[in-house]
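# Structural description and commentary
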Amino acid sequence: MYLEIVTPEASLVAGEVESITVPGVEGEFQMLNNHAPIVSVLQEGKVKFKGNPTIAEGFQKKFTQEDGKWVLQISGGTLECNNNRVMVLAD
């Protein structure tokens, strides 16, 4: 699936991933390929994704790695998943 993570600063991530886990307001949840369409509000927590998408130059320090996944700490935001495209608008 294709993942994009956008902040007010810049588009941080764009590219194909195997999975993405986000901190929804009702709890953490994961999306895999062919996930049902969803729109969700995100709370403070970690966005985790597995794959090798492009991380914008100058923003690599915002990401860490845990258990083979890339991790980005966010303070909230929204998410839309539709047709194997996931867009995270993060604060």
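The preceding data block contains the structure.
### Points about the pairing of strand β2 (residues 11-24)
Most of β2 is tucked away: 10 of the 14 residues are buried. Direction of pairing for strand β1 (residues 2-6) relative to β2: antiparallel, over a ladder of five bridges. The partner of L3 across the bridge, within β2, is G15. With antiparallel pairing between neighbouring strands as the criterion, β1 and β2 make up a hairpin whose turn holds four residues. Relative to strand β6 (residues 54-55), β2 runs antiparallel, the two sharing two bridges. Note that in β6 the partner of V13 across the bridge is I55. Pairing of β2 with strand β5 (residues 45-51) involves four bridges; the strand directions are antiparallel. Each bridged residue has a counterpart across the sheet, and for S19 the counterpart in β5 is K50. In terms of strand pairing, β2 meets strand β3 (residues 27-32) through six bridges, oriented antiparallel. Following the sheet pairing, T21 is matched in β3 by Q30. The antiparallel hairpin formed by β2 and β3 contains two residues in its connecting segment.

How each quantity is defined
- Residues numbered from 1 in each chain as written.
- Predicted model: local features only at pLDDT ≥ 70, side-chain atom pairs only at ≥ 80, totals over all residues.
- Heavy atoms only, no water.
- Buried < 20%, exposed > 50% of the residue type's maximum accessible area, 1.4 Å probe, protein only.
- Helix = DSSP H or I, 4+ residues; strand = E, 2+ residues; numbered from the N terminus.
- Pairing = 2+ DSSP bridges.

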